[in-house]
Structure formats: structure tokens, C-alpha cells
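Structural characterization, general
Each chain, written out:
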Amino acid sequence: MINVEIGDNQIHEYASGISAGEVLENVYGKRYGAVAAVVNGIERDMSFILDLDCKVEAILGESHEGLYILRHSCAHLLAQAVVEMFPDAKPTIGPPIDHGFYYDFFMDPIGDSELKELEKRMNKIIRTNLKIEREEHDNQSLRDMFSDNKFKIEIMDDKIGEDLGSSAYRQGDFVDLCRGPHVPSTSHLRWFKLTSTSQAYWRADRNREPLTRIYGMCYATKEGLKERKRQIEEAAKRDHKKIGKEMELYMIDELIGKGLPVWLPNGQILKSEIENYALETEENYGYQRVTTPALAKQELFECSGHLPHYADGMYPPMEMDDGTYYLKAMNCPMHHLVYRNKKRSYRELPFRIAEYGTCYRNEMSGALAGLLRVRMLSMNDAHIYCTLNQVGQEVANNIKMVQDYYSTFGFEDYHFRLSLWDPENTDKYIKQPENWNSTQNHLRKILDELEVPYVEAIGEAAFYGPKIDIQFTTALGREESMSTIQLDFAAKERFELSYKDENGEENGEVFVIHRAPLSTHERFVAFLTEHWAGNFPTWLSPNQIQIITISEKQKDYARKVRQSLKDIGVRVAVDDSDNTIGKKIRTHRKMRPAYMLILGDEENQKETVAIRARNGEQCNDIPLSQFINDLSIEIRSRRKELLLVTKQD
RNA sequence: GCCUCAGUAGCUCAGCUUGGUAGAGCAUCUGAUUUGUAAUCAGACGGCCGGGAGUUCGAAUCUCCUCUGGGGCUCCA
């Protein structure tokens, strides 16, 4: 007999050789929704045999761990269906991911019809409720089992010494190399859907074999799957590409080229408002403005290291009669020259210069997406030249600046990422390991001291130094970098940056901080649009006020109100057409003005306005002068909420 | 750049499976209507069905190539 501890210190006695699943079923009943078990802290299959005293916990299908197992099992199920349908396909790897799973196969690409067919086959396997069984093998017999799949053999080769690849999981005729654990049988995998296919490369290396990747989503319950589908639909409504078209924020024309959006008048308003806000902020933080050219000579980018390290990201060279020119992918090299333009004193540090410029990056055509990834970037860029001692304060200021910005714009869902170089793959980086270590530790220390939570990411650094990136997830679920604060230890040598220190010595220890707290205007506006679903705070709104007349009798009054609002800089339009008022409201909702003013005889006589806020709230009989006053406060203070209306009652 | 799906009127889409004179709603314009909070009525205008080639007596529809867009890979702000 063995003692098994379950839940809150309950000890049960069982015969040795009982399975974890039987114990759990004995305690919780048959339908308690567990997919696997934790035995003495280690995740195990339900079939795991208990032969010593131990502690057993259930992993519920709806828990984080449970979903992970469910999705992993669902990936196996997909592989089974694929091998059944395409006997030559070689499964490679198939991990669980957020919301679902994917599996990469060495096989010819497939289309939608095959995807549907696979889904059918998977459902069939689910209905037959195959048992999913773990098998232990020694290394040699595992290799024999997978001898026709070089990818699995390669995985085993990699795991030599780790002593992990000793198990396989079998369901019917299908067997896959796997650590497990898995759900007990295929009937647990009912709530899945195959979503898409794409091409990936073995080991994410484009020189290796191209693989067909199949994505699916998978949940423990019907409701879970339904909720996810609903989320995707909701997100699609916020998509900046959809709203951008509806609100006429930007356009892309074939004749100009892909990745080269044109800012339409409404989008330009957003851009200008953001720019003005940044200008104000940067003045407070001690930045000075400069403007540098869009192109520069090859020698500059060789000096900066862009050509050796970033050539792929730049447009090809232009041969001129006096040399070779490149469009700039970044402002930094030119800003370094601004710094170097005269002898600097320690009294000038930190020296901060900002530029509202455009950079040009040769993104691969397949990567371009709406405003999120473009080839011409409007950047709110700046560089800070300072001593190592000053780096901490400057980085802290920038983190604060970012947080202030985000709070004004209403962003709450983001996380910090410390982006490090990859010592295993140094080609992309300036090879100075000791500098990498010291600057990375420096940034890490700053973040720790500020008590800002962050994740670390290897291989995400800039070629000249580590970064603090602020990561967002788009409405459609893709993670993107928004703001960035980068520490550059290489520029000082490459550009011979120096200053005269307190002792009158020429000191070459100039550190450069590259920062773009507002991302690029393109990406920022994309996020802003998705975040607010186009219902921007009043100060940003391209159409702040829409005036609607009830009949043609109020034409003059409407024009008078419009002029009063224009006088204080409000963006306002009048609709005095002969449509019905319901029709006018419906029409103008598309442009999402913060407030609509409904003007009839009553308002005309009393010099008042009837306010219909964007959220549907209604507020009548407000004296025009009061409205103007309140509105201007709302706009000037860059308030996020439409407080004007609720304030009245 | 690679894989996949899709391109029909300014916008949203039907027609394509099974080839036979290009459709709807909204928007626009013109009348009528003068309206109190999410679509007033009527009429008109609008398309070489992304572009090119092929198959066919005949192609929006079938085949191939190409361009553009969506999703993914890779890359990155």
C-alpha cells in the first residue's frame, strides 16, 4: 500500500501500481475536467503509475498548464491526420502556443481545401477516441523507430547528454517523439479549429529545408473556443487598416509603392497633435531640435557601422557624379556629426538633440502591413550624449517620459523588454564582448533600481548596443516593439566623440542613448487607432465637433456656432443638408466626432447647444459660452475621457 | 524574399462550382421633402470584373504569368 497526498493535505491509501488518473477519479469523480496530473511537482500523464508515497494534483483542462497540454496533444492529432493524408510528410516539431498550436511538416505546401479535409480527419480521430499512450525506449530503438525522419534524428542528436528523448507517444498507428505529458485520449481535443498555413524553415534558418506550418486554435471547452472566435471578430473591428480607411486617415497607392502610406488630412491631424505634444514634452526635458538630410554619403554609413551591419535594411546606393549616396535608415550618424561639430565641454552634457525626420528602411515586401510596418518611417527620434554616470538618470527620465506619454494616450497593456545581443551569433553585432556585458548589466541595474518589471530577450539588441524596448500586442494579437531606449557604446570610437572634462582633459567616454518614445508616427497611430477603436480623445480627434441642424432655419446660427468654435482652434464641421436628423447622426458617426451639436429653433433662440456625445450620452440646454469654455479645457488638458457631458449632472 | 488566401462601381459585397449582353445596398448628383437624436421618397450617374497571355464560336467565370492587398515565416520601430 502507498500513501497519496491529494489537495489540502488529505492522505489516501491505495494499492501500489494504481495510476494517477485512477486516484484523481477516485477523489474527484469521473467528470472533473482534468487532462493530466502533477506527481511530486512533475507533470505526468494520467496513466502514470504510482508505486511510492507521493503527492498528486490534478491539471484541469482550463488551467494554463492544462491548455498547454491540450494544445500539445492537439498538435499530435494534427500530425496524425497529416501523415494519414500525406504519407510522405515528415513531422518535425509541433509546440503549443497562445490560443493554440502549430506543427511544422516537411511536405509540399497545402491550401484551404486540404486544411478542411485535415480538420475532418482530426474530428474523425477524436470520435474514435484513440488512447494516447506513452512508451519508453532506449536511445537506439527510438532512432530505429524514426530512422525515416531526419528531423527527429536531428532533435535526438541535439538532446544527447540531456537524457530527455527517451519517450514516444502513440495513438493508433501514429507515433511521435515526445516528452509529454499528453491528454489520455483524443476525445479531449474536441474544441479546436485549424486556422492557417504558412511556410517556415527548419530551425528558423532560411538556408535549411522549407517546411509547411499549420496553425490551429484549441480550447478545453466549447465556450473557450467560441470566446476566442468572438475576440478575433472584435479585434477585426478595431483593425487600424479598416478604421483608417473609414476615417480617411491614410491611403496606400500602387503608383507610390507598398509600405509608403500617404497621410490624408485626418491622419495628418493626428500626426500633428502628437508632434506638438512631443515638442512641448521635449522642451521640458531639455531637448533641442535639429533637421538633417534624407540622404548622405556612403562614407558616413561606413563610419557609423550601418553598412557593415545594417546594409540589408537600407535602400540600395545611388551613384552620383561626386560619390555614392544612401537614403538614411536612421538619424544617429548625422546627429553624431552635430555633436562633433564643435568642441564640447562637460558642462554641455547631457547634450540632447531631437529630430522629426523620416527614415527609409528596405523592409522585405512580405513584411509590410498597413501602418504597422512601412518603408518610410516618420520618427520622433532623439540622441543623448552623456557620460556613463549620467546614463542612469537619462534612461530613467526616458522611461518616465514613455510612461507619461502612455498614460496620456491611455495605453495600459504593454511590457518592458531588455534586448540583449546573442553571444552565440555575433555576426549582427559589433564584436566587443566586454562592452556588451558591461552595458547590458548597466541597463539591467537601472531597470532593477527603478523597479520596472521586464523580460530579457537574447538576440534583440541593436548592432551597436543593448536596448530597452517597450512591447505591445496589436488588436490582432501580434507583438510589436513600440518605444525604444538604446544604449550605444560604439559611436564614441567610430565618430571620435569626446568632451573636455573637469580636469581639462579630452575625455572620449561619451555614451549615446538613442530613443524613440513614440515609436514611429505610422506605428503609433496604428496602435492609437486600435486602442481607441477610432474614438480618439477629443484633443486628438480629427473631427472634434460635428454640428447638425434640424432644419434650414438654423443655418445662420450653425455658422455662428462654428465660427465661435473655430476661433478657439476647435476642428468643427457643419451639416446643414436637408436630410433628417437621424440620418445625419448616422452618417457622421463614421468619422467619430467627440461631440455632435444638434441645433434647432430652441437652441437658436436661447443661444444654447444640445450635445450628443460620441458615447451616446445626451445633454441639452447648455449655453454656448459654457460649452466653448468646457470644451477648450478638455482639449487643452488633453483629457482622455469625454467628461463634458457627465460633468453636467 | 518565401508559403497561403483574396482582388468585381468611391465603399461593403453577390455573380465564378455548371463559360452565353455585369448586379445589389451605401456614397455621389438631380428633384421632391424642412424634419428634435442610429437610414424620407423618387430618378440619374457610375465598372475593359487588378494587368497580361492562353483555351474557346464566346471568358468576371477555366489555365498560366504578373501586380496589389490580407494572414503567416523571416526581419524589425
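Preceding block: the structure.
Now for a look at the structure at hand. Since the model is a prediction, treat every value here as computed from it, not as a measurement.

Describing the sheet that holds strand β13 (residues 174–177)
- Ordered by their spatial adjacency, three strands build an open sheet running β11-β12-β13, and the pairing between neighbours is antiparallel. Since the sheet does not close on itself, it has two edges, and those belong to β11 (133–136) and β13, each with one partner. Across this sheet, the average inter-strand angle for adjacent strands is 30°, counted without regard to direction.
- Strands in contact with helix α2 (residues 64–85) are β12 (167–171) and β13; relative to β13, the strand with the most contacts, it is inclined by about 125°.

A word on the pairing of strand β24 (residues 414–420)
- Two elements, β24 and strand β26 (residues 467–473), share six bridges in a ladder whose sense is antiparallel. Residue pairing across strands places phenylalanine 416 opposite isoleucine 470, the latter belonging to β26.
- Sheet topology places β24 next to strand β25 (residues 454–458); five bridges connect them, and they run parallel. By the bridge assignment for β25, leucine 420 is matched with isoleucine 458.

Some details on the pairing of strand β30 (residues 511–516)
- Counting buried residues along β30, six of its six residues qualify, which places the element largely inside the surrounding structure.
- Burial of the side chains of β30 extends over both faces: Phe511, Ile513 and Arg515 are buried on one face and Val512, His514 and Ala516 on the other.
- Alignment of strand β23 (residues 376–386) against β30, held across five bridges, turns out to be antiparallel. Paired with isoleucine 384 across the bridge in β30 is isoleucine 513.
- Across five bridges, the pairing between strand β27 (residues 479–488) and β30 is antiparallel. Opposite isoleucine 485, over in β30, you have arginine 515 as the bridge partner.

Details of helix α8 (residues 265–284)
- For α8, spanning 20 residues, the distance from its first C-alpha to its last is 29 Å, which sits close to the expected 28 Å at 1.5 Å a residue.
- The inward-facing, buried residues of α8 contact β16 (250–251), β17 (262–263), β23 and α15 (521–532).
- Downstream of α8 by a residue or two, glycine 286 has a phi angle that is positive, lying close to 80°.

Conventions adopted
- Just so you know, the residues in each chain are numbered from 1, in the order the chain's sequence is written.
- Throughout, the order in which chains and ligands are written sets their labels, letters from A for the former and numbers from 1 for the latter.
- Where totals are concerned, whole chains, interfaces and linings use all residues; where local detail is concerned, this predicted model gives features only for residues with pLDDT of at least 70, and gives and counts side-chain atom pairs only at 80 or more.
- Strands are labelled as partners when DSSP assigns at least two bridges between them.
- Here a helix means four or more residues in a row that DSSP labels H or I, a strand means two or more in a row labelled E, and each is numbered from the N terminus.
- Helix axes are fitted to C-alpha atoms over the stretch in contact, other axes to C-alpha atoms as well, and angles between N-to-C directions run from 0 to 180 degrees.
- Remark: residues whose backbone-derived C-beta atoms lie within 7 Å of one another are considered to be in contact.
- Counting other C-beta atoms within 10 Å of each residue's C-beta, where C-beta atoms are placed from the backbone, gives the exposure class: buried for 20 or more, exposed for 12 or fewer, partly exposed between.
- Helix span, expected: 1.5 Å multiplied by one less than the number of residues in the helix.

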